[in-house]
Amino acid sequence: MQYYSLGKQSPAVDFKTAAITGQAPDKGLYFPTSIPRFTAEQIERFKTLDKASIAFEVMKPYVGGTIDDASLQQICAETINFDFPLVPITNTIASLELFHGPTLAFKDVGARFMSRCLGYFSKQAAAEKVQNTAQIKSEQKVDNPLLQTKPSTVLVATSGDTGGAVANGFLGVEGVEVIILYPKGKVSPIQELQLTTCGQNITALEVEGSFDDCQAMVKDAFMDGELNAAYHLTSANSINVARWLPQQLYYFFAWQQWVAKNGDAIPMNIVVPSGNFGNICAGMMAKASGLPLGHFVAACNDNNVVTRYLSTGNYAIQKSVATVSNAMDVGNPSNFVRIMEMMQNNFEQLKKGLSSYSYNDISTQATITRVYKEYGYTLDPHGAVAFLAAEAFNQPAIIVETAHPVKFPEVVETAIGQTIAIPPSVQFLLDKEKVAIPMGASFEKFKNWMLSKL
Ligand SMILES: *Cc1c(COP(=O)(O)O)cnc(C)c1O
């Protein structure tokens, strides 16, 4: 399996290179040269197969031999070692709860898979380096970027969820340092603890600015000659195929539960709260591989480029606006080009596979209140946007609950008039002490700090 750049100016690469470099040299996103097709027998078996085996069968073609089977099996088993329950809310809407991972966010799946892949490649590079030093002259060209002596460093800007999932996923992975930039005072208390209490190879920078400032600092770092000469920099957002592709897995787990309950005559329509569109795009890949999924619906907040595109045919990116479902505050969704590629860049074909609705904060908050009162189910703000979209779509559907409501306590507790109990899995964080390096919202300051710690 090879990956080509959607920028069309860079050569195709294997999974390993795509995972290590993140983006192609021409700044395009990588996309698989062919989408694997499951056989009818495989699909039939997926109805009852265990999660780890499904994960291995789904990911194996994408990894394309760059990780040996035994290691990939282990990576897959570790990636998905928690529950993905499909919980009914109404007679026609069920919630796929993707918040039972270690940081209570769906991003755990992608972050755990990607970190373990990079850990594998890093170990392999260390072994190759020993061999190379013994056998060949140092000027011999090597094609493994991790073989360079530069420290391998993952940079992430986060509005809350990404940082925690990446920190947790990469904690203790040898040969990889992680630096997380988060906006001071703008992430929730639990999210902040998840970012700042890891230690080891994880460093948190508390930036005196907004999420956009953090993102701009990271983007500038990727473009900076001196920093790139000193470090091997990688990003851990959904642009990276190793984070994006494993997100397909939970649609297999959801479908398994759906079929067990409803049989396979009723299509499982899927509503995904979307920001950068990595998650929904991964689901659409699963469908393109032959998993019999229904229609996809992208639920958006006021950052609704795609909703407007589907209704007007005019794709107009915008500056992001702040909302209560802040993980979806994206004005220019990076993965949408992948969806268009899958749809042969054909607008009519896109409309057949994807719908979109958008809702403002007032409707979102009112929905959290209403669903709690009427059905006794506590939605998080992102799930609430999805619930509204599912009602508008008006056919049996699952909504993807992308994060636990406890991560957005101000909004949710006000909406339901109750405090939310902190799940035992994150209770331990409350005894930990935050460690973060204060950082001005300036690329120069960030760069000087990076160079000073070499
Ligand atoms: C990241 C995130 C999203 C958006 O996912 P995309 O793949 O960027 O579309 C939605 N909800 C929550 C809680 C998130 O953390």
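Residues numbered from 1 in each chain as written. Predicted model: local features only at pLDDT ≥ 70, side-chain atom pairs only at ≥ 80, totals over all residues. Heavy atoms only, no water.

Draft legend 1. Examining helix 8 (residues 211-223) more closely. With 13 residues, helix 8 extends 19 Å between its outermost C-alpha atoms, agreeing within 8% with the 18 Å of an ideal straight helix rising 1.5 Å per residue. Of all the residues in helix 8, the buried ones are Cys214, Met217, Val218 and Ala221. Buried residues along helix 8 cover an arc of 95 degrees about the axis, so they all sit on one side. Of the exposed residues in helix 8, the ones pointing more than 90 degrees away from its buried face are Lys219 and Met223. (Helix = DSSP H or I, 4+ residues; strand = E, 2+ residues; numbered from the N terminus. Expected span 1.5 Å × (residues − 1). Buried < 20%, exposed > 50% of the residue type's maximum accessible area, 1.4 Å probe, protein only. Arc of directions from axis to C-beta.)

Draft legend 2. Structural context of the pattern of salt bridges. Following the criterion strictly, the structure yields twelve salt bridges and no others. In this structure, aspartate 161 engages lysine 407 in a salt bridge whose closest nitrogen and oxygen atoms are separated by 2.7 Å. With aspartate 161 in helix 6 (residues 161-170) and lysine 407 in the loop between strand 13 (397-401) and helix 18 (409-416), this residue pair connects regions lying 246 residues apart in the sequence. Here aspartate 161 matches lysine 407 in class, with each residue buried. In this structure, arginine 370 and glutamate 391 form a salt bridge, with 2.8 Å as the shortest nitrogen-oxygen distance. With arginine 370 in helix 16 (residues 361-375) and glutamate 391 in helix 17 (residues 381-393), the pair connects residues that are 21 residues apart, well separated along the chain. Within this structure, Glu44, Lys47 and Asp264 form a network of salt bridges that share partners. (Salt bridge = Lys/Arg side-chain N within 4 Å of Asp/Glu carboxyl O.)

Draft legend 3. Summary view of the sheet that holds strand 8 (residues 202-208). Read across the sheet, five strands follow the order 9-6-7-8-14 without closing on themselves; strand pairing throughout is parallel. At either end of the open sheet lies a strand with only one pairing partner, and these are strand 9 (232-235) and strand 14 (437-440). Strand-to-strand twist across the sheet, computed as the mean angle between neighbouring axes with direction ignored, equals 30 degrees. As paired strands, strand 7 (residues 176-183) and strand 8 are joined by six bridges and run parallel to one another. Directly across from tyrosine 182, in strand 8, lies its bridge partner glutamate 206. Helix 20 (residues 443-452) rests against strand 6 (152-157), strand 7, strand 8, strand 9 and strand 14 of the sheet, and its axis sits at about 135 degrees to strand 14. (Pairing = 2+ DSSP bridges. Axes fitted to C-alpha atoms, helices over the stretch in contact; angles between N-to-C directions. Contact = heavy atoms within 4.5 Å.)

Draft legend 4. Region of interest: the environment of aspartate 361. Among the secondary structure elements, aspartate 361 is positioned in helix 16. Relative accessible area serves as the criterion here: at 21%, aspartate 361 is assigned to the partly exposed category. As a C-alpha pair, aspartate 361 and alanine 384 span 23 residues in sequence and 9.9 Å in three-dimensional space. With near-sequence residues (within four places) excluded, aspartate 361 lies in contact with Ala322, Thr323 and Val324. There is a polar contact of 3.1 Å between the side chain of aspartate 361 and the backbone nitrogen of valine 324. (Polar contact = N/O pair within 3.5 Å; in protein donor to acceptor, adjacent residues only side chain to side chain.)

Draft legend 5. The arrangement of the layout of surface pockets in detail. Roughly 520 Å³ of volume is contained in the second largest pocket. Around the second largest pocket, the lining comprises 22 residues; the ones closest to its centre are Ser159, Lys186, Thr323, Asn326 and Asp329. With three residues, helix 18 is the largest single contributor of residues to the lining of the second largest pocket. Among the residues forming the lining of the second largest pocket, the class breakdown is nine nonpolar, eight polar and five charged. (1 Å grid on protein atoms, 1.4 Å probe; cavity = no way out; pocket = protein on both sides within 12 Å on 5 of 7 lines; lining within 4 Å. Points joined across faces, edges and corners; volume = space filled by probe spheres on them. Nonpolar A, V, L, I, M, F, W, Y, C, P; charged D, E, K, R; others polar.)

Draft legend 6. How the structure looks around the site of the ligand. As a matter of local geometry, the ligand sits amid 15 residues, with Lys107, Asp161, Gly275, Asn276 and Thr402 nearest to it. Aspartate 161 places a side-chain nitrogen or oxygen 2.8 Å from an oxygen atom of the ligand. At a separation of 2.8 Å, a nitrogen atom of the ligand approaches a polar side-chain atom of threonine 402. Residue composition of the shell around the ligand, by class: six nonpolar, seven polar and two charged. (Near = heavy atom within 4 Å.)

Draft legend 7. Here's a closer look at empty space enclosed by the protein. Within the structure shown, the criterion is met by one cavity of 30 Å³ or more. There is about 30 Å³ of room inside the largest cavity. Lining the largest cavity are Ser274, Gly275, Phe277, Cys300, Asn303, Val305, Val306, Val330 and Pro333. Of the residues in the lining of the largest cavity, the class split is six nonpolar, three polar and no charged.

Draft legend 8. Geometry of the side chain of threonine 367. Tracing the backbone shows threonine 367 in helix 16. The class of threonine 367 is buried, set by a relative accessible area of 2%. A polar side-chain atom of threonine 367 sits 2.6 Å from the main-chain carbonyl oxygen of serine 363. Here threonine 367 is in contact with Leu379, Ala384, Phe387 and Leu388, once residues within four sequence places are set aside.

Draft legend 9. Expanded view of the nonpolar core. Counting residues in each nonpolar core, the largest one holds 99 residues, and the members touching the most others are Phe15 and Leu354. It is helix 11 (residues 249-262) that contributes the most residues to this core, nine residues altogether. Discounting residues that sit within four places of it in the chain, phenylalanine 15 has contacts with Met1, Tyr3, Tyr62, Val63, Thr66, Ile67, Phe113, Cys117, Phe121, Val241 and Ala242. In terms of nonpolar packing, the next biggest core, distinct from the first, is built from 36 residues, Ala403, Val406, Ala415 and Leu429 among them. (Core = buried A, V, L, I, M, F, W, Y, C linked by side-chain atoms within 4.5 Å.)

Draft legend 10. Spatial organisation of the environment of phenylalanine 443. Mapped onto the secondary structure, phenylalanine 443 falls in helix 20. For the pair phenylalanine 443 and lysine 219, spaced 224 residues apart in sequence, the C-alpha to C-alpha distance is 9.4 Å. Discounting chain neighbours no more than four positions away, the residues touching phenylalanine 443 are Met217, Asp220, Ala221, Asp224 and Leu227.

Draft legend 11. Unusual backbone geometry, seen in detail. You will see that leucine 104, though not glycine, has its phi angle at about 65 degrees, which is positive. In this fold, leucine 104 is placed in the loop between strand 5 (93-97) and helix 5 (107-135). Under the relative-accessibility criterion, leucine 104 is labelled buried at 2%. Phi angles above zero are rare outside glycine, and asparagine 345 is one such case at about 55 degrees.

Draft legend 12. Region of the structure containing the packing of aromatic side chains. Scanning the entire structure with this criterion turns up 21 aromatic pairs. Between phenylalanine 106 and tyrosine 250, the ring centres sit 6.4 Å apart and the planes meet at 90 degrees, which makes this aromatic pair edge-to-face. Here the residue phenylalanine 106 occupies a position in the loop between strand 5 and helix 5, and tyrosine 250 occupies one in helix 11, the gap between them amounting to 144 residues. When its relative accessible area of 11% is taken as the criterion, phenylalanine 106 is described as buried. Linked through ring pairs, Phe82, Phe84, Phe106, Tyr250, Tyr251, Phe253 and Phe296 together constitute an aromatic cluster. Positioned above the aromatic ring of tryptophan 244 is the side chain of arginine 338, whose terminal nitrogen or guanidinium carbon lies 4.1 Å from the ring centre. (Phe/Tyr/Trp six-rings, centres within 6.5 Å; stacked < 30°, edge-to-face > 60°. Lys NZ or Arg CZ within 6 Å of the ring centre and 35° of its normal.)

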